[in-house]
Amino acid sequence: MAQDSASRILTTAVFATGALFAVGFLLPNWMLFTATKAVGYGLVALGIVVLMRSGLVSFGQGLVYCIGAYTSGLVASRAGITDVFVLLIIGGAASTLVGLVVAPLIARYRSIFFAMLTLALSMVLYGVLVKQNWIGGSDGFNVPSPTFLGWAPELWAADMALYGVAVLVAAIAATLCRFYFQSMPGLVAQAVRENELRVEYLGTSVFRITVRNFVIAAGLGGIGGTLNGLTLGHVDPLFSFWTTSGEFVFISILAGHVSVVAVFFASFALELVRSFSNRYFPDTWQFMLGAFLLAVILFLPNGLGSLWDEIRKRFGRDTKAKPGSTAPVSDAPGKLAERKEPAE
Amino acid sequence: MTDTPVLQARGLNKSFGAVVAAADINVDVPTGERLSLIGANGAGKTTFVNLVTGYLKPDTGDILLEGRSIARRNPRQITQMGVCRSFQIPQLCEGMTPRQNLLVAVGASRPTFSFFRPVGAEGAGEQVTELLDRFGIAAYADRPVSELPGGVRKLLDIAMALVRHPKVLLLDEPTSGVSSEEKFGLMDTVMAAVSNEPVTVLFVEHDMDIVTRYADRILAFYAGEIIADDKPDEVLSDVRVQRYVTGTAK
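Residues numbered from 1 in each chain as written. Chains lettered and ligands numbered in written order. Predicted model: local features only at pLDDT ≥ 70, side-chain atom pairs only at ≥ 80, totals over all residues.

Focus: the overall build of chain A
The helix and strand tally for chain A stands at 13 helices and two strands. Computed over the C-alpha atoms, the radius of gyration of chain A is 20 Å, within 12% of the 20 Å expected from 2.2 N^0.38 for a compact globule of 344 residues. Seen through its principal axes, chain A has C-alpha atoms that stretch 75 × 45 × 45 Å. Among the 344 residues that make up chain A, the fraction classed as buried is 50%. Considering only contacts in chain A between residues 6 or more positions apart, those separated by 24 or more positions represent 77%. (Helix = DSSP H or I, 4+ residues; strand = E, 2+ residues; numbered from the N terminus. Rg over C-alpha atoms; globule rule 2.2 N^0.38 Å. Buried ≥ 20, exposed ≤ 12 C-beta atoms within 10 Å, placed from the backbone. Contact = placed C-beta atoms within 7 Å.)

Observations regarding the interface of chain A and chain B
Counting from both sides, the interface comprises 33 residues of chain A and, opposite them, 38 residues of chain B. When residues of the side of chain A that touches chain B are traced back to their parent elements, those giving at least two are helix H1 (2-24), helix H6 (155-181), helix H7 (184-194) and helix H8 (196-201) of chain A. It is H7 of chain A that contributes the most residues to the side of chain A that touches chain B, six residues altogether. For the side of chain A that touches chain B, the per-class residue count stands at 19 nonpolar, 10 polar and four charged. (Nonpolar A, V, L, I, M, F, W, Y, C, P; charged D, E, K, R; others polar.)

Regarding the pairing of strand E8 (residues 200-204) of chain B
Residue and element names in this part refer to chain B. Most of E8 is tucked away: five of the five residues are buried. Judged from the four bridges that link them, strand E3 (residues 34-39) and E8 form a sheet pairing that is parallel. Each bridged residue has a counterpart across the sheet, and for Arg34 the counterpart in E8 is Val201. Looking at chain direction, strand E7 (residues 168-172) and E8 are connected through five bridges and run parallel. Note that in E8 the partner of Leu171 across the bridge is Phe203. This β-α-β element, E7 to helix H6 (residues 180-194) to E8, shows right-handed connectivity. (Pairing = 2+ DSSP bridges. Right-handed = clockwise from strand over helix to strand, strands pointing away.)

Notes on the confidence of the model for chain A
Residue and element names in this part refer to chain A. Overall, the prediction assigns chain A a mean pLDDT of 87, with 91% of residues at 70 or greater. Counting interchain partners and residues more than four positions distant, the pLDDT-below-50 stretch residues 319-324 has 22 contacts. For the stretch residues 328-344, pLDDT sits under 50, and the model shows 33 contacts to residues farther than four places along the chain or on other chains. (pLDDT = per-residue confidence, 0-100.)

Observations regarding the packing of helix H3 (residues 98-109) of chain B against helix H4 (residues 124-134) of chain B
Residues and elements named next belong to chain B. H4 packs onto H3 with a crossing angle of 120° between their chain directions and a minimal axis gap of 9 Å. Here H3 lies oblique to H4, going by the angle between them. Taken as a pair, H3 and H4 cross one another with a handedness that is right-handed. Taking contact as the criterion, the partners of Pro98, Arg99, Leu102, Leu103, Val106 and Gly107 in H3 are, on H4, Ala124, Gln127, Val128, Leu131 and Leu132. (Axes fitted to C-alpha atoms, helices over the stretch in contact; angles between N-to-C directions. Parallel < 35°, antiparallel > 145°, perpendicular 65-115°, else oblique. Left-handed = near helix turned anticlockwise from the far one by under 90°.)

Observations concerning the sheet that holds strand E10 (residues 225-230) of chain B
Residues and elements named next belong to chain B. Strands sit in the order E6-E7-E8-E3-E9-E10 across an open sheet of six strands; the sheet is mixed. With partners counted over all chains shown, the strands left at the sheet margins are strand E6 (83-86) and E10, one partner each. Ignoring strand direction, the axes of neighbouring strands in this sheet form an average angle of 20°. Pairing geometry for E6 and E7, over four bridges, is parallel.

As for the sheet that holds strand E4 (residues 60-65) of chain B
All names here are of chain B. Spatial strand order, E2-E1-E4-E5: four strands in an open sheet with antiparallel pairing. Since the sheet does not close on itself, it has two edges, and those belong to strand E2 (19-29) and strand E5 (68-69), each with one partner. The pairing of E4 with E5 spans two bridges and is classified as antiparallel. Bridge assignment links Leu65 to a residue of E5, and that residue is Arg68. Across the face of the sheet, helix H1 (residues 45-52) comes into contact with strand E1 (7-16), E2 and E4 while running at roughly 65° to E2.

Brief notes about the confidence of the model for chain B
This prediction gives chain B a mean pLDDT of 90; 98% of its residues lie at or above 70. In the model output, the complex is listed with pTM 0.88 alongside ipTM 0.91.

Some words on the nonpolar core
Counting 93 residues, the largest nonpolar core has Val188 of chain A together with Leu102, Val104, Ala159, Leu169 and Ala220 of chain B as the members making the most contacts within it. A total of eight residues in this core trace back to one element, the largest contributor, which is helix H5 (residues 150-162) of chain B. Excluding residues that lie within four positions of it along the chain, Leu102 of chain B makes contacts with Val128, Leu131, Leu132, Ala159, Met160 and Val163 of chain B. The next biggest cluster of nonpolar side chains, apart from the first, holds 82 residues, and it includes Val64, Ile106, Ala218 and Leu254 of chain A. (Core = buried A, V, L, I, M, F, W, Y, C linked by C-beta atoms within 7 Å.)

Digging into H6 of chain B
Since the α-helix advances by 3.6 residues per turn, residues separated by three or four positions end up pointing in the same direction. Residues and elements named next belong to chain B. For H6, with 15 residues, the first-to-last C-alpha span of 22 Å sits near the 21 Å given by 1.5 Å per residue. Looking at H6, one finds that the buried residues are Leu186, Met187, Thr189 and Val190. Projected down its long axis, H6 shows its buried positions confined to an angular sector of 160°, all on one face. With respect to the buried face of H6, the exposed residues turned more than 90 degrees away are Glu181 and Ala192. Along its buried surface, H6 packs onto H5 and helix H7 (208-214). (Expected span 1.5 Å × (residues − 1). Arc of directions from axis to C-beta.)

Have a look at this one:
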């Protein structure tokens, strides 16, 4: 049973990666760029989803996003190491380290206090970076094009290669998060959102769970930042600005915390809405985004990730609870269908 | 079998400003005993439970679990050492089902669970099913907790506390909020569920019929002090208990 579940997840991940990579050959250049950037954003938002499942929202993921982008960007531009895989590891590791330092300081705070602390830290980094003229100050600096295990493609091939790496990284991150979410530690982390007091009185440290989730989110943020630094070919302090962090929260809310795949769909949807709105409604595109988010909140309060459950419910397909399912009942309407009423 | 009581309170004092919630509390609780804590509201019963479980720290005095001090430890550490509790208002994960709640309890009790194996693996599913059966709540296993009757919520809360196979189980008013017809059934279920465990049970209770039927011994509290500590018949016939606790003094 457990092996079935694991192999199903892995098979889905492999097929989805292959399919998305193949789709890349059909996409126009601008959309390759948009999709790669969306994956970068999606990775950071996936980190927020990890936090959201235990009841916390970070308004300052720009901090780790920026750390990842700057560290890998500096390594690429100053040390000349341009291999995409090495840079992703370096960016992810740098942000993970920052997460390890920051997490114990903020893990005791909750709700708006946690959110504002993370926001404050990201803005501190922004304030520091704009003063650092040796790395471009407020203008930032350019990041050289990445190489791929020694291969240095150009033009379309470079975009396609980076898109392929983004798809691969997204698949790995989503798969690992999926495993985590449906594991026992993942369920206990979810219980923190429901009732911290109970979790403590069951003998588990809520503090430790929060630190763990923040560090995971930091690592994902760093990888996302590295990917987008390489995609854009430029990093600047705006990576750490509050509006950037706000976009990550936007994506997370849009996606909800039910599905790991939905995060990337939400990110891609945001990029598309932004691109088209920017072009056709240049003065009101934020309004369009707001309306889009409102529609999702009204009709899919658990985010795009709950769409599948909603469709099944609407068309009468039972989404009956499986023993040990990690989806909270509140997230899976229709679970009670066909259930035998207990004897009173 | 050791002669050391599983739980000992030594000179416990706790005050909240001018209000004395615990005044020189000294108690020895032998292994396996069913001990009931009685007293009017504000007498110090829940304070005693909160001191034992680490929610409150005593001003002075000590609490020993099998001879080891637990008075300065936090609730999580005390739980890990083997003192678990249920609550007057059941502390459940409302957005989950009873099965998921118990899986959470199992997951929290074993830090060795893999991140790469699904919920219910490594024997957790079987353990949960056994607990659901033992507490007679299997029929409710996959219903939302928010829809459960009060008695089932109480049983689930207690079942979660029992997952760790604690040495001491503290039940804070296990029958409060439960209809009078259901109270004895609930207590029968709880006592049957713990009968095969080497657990000492302390329960706070206001219903003297429940106390008489299920307790081996009673501690009667008044104004933070223990005014009687004996077998049920002895305690309930004590004049001070009748005056300050049961209100049956002539």
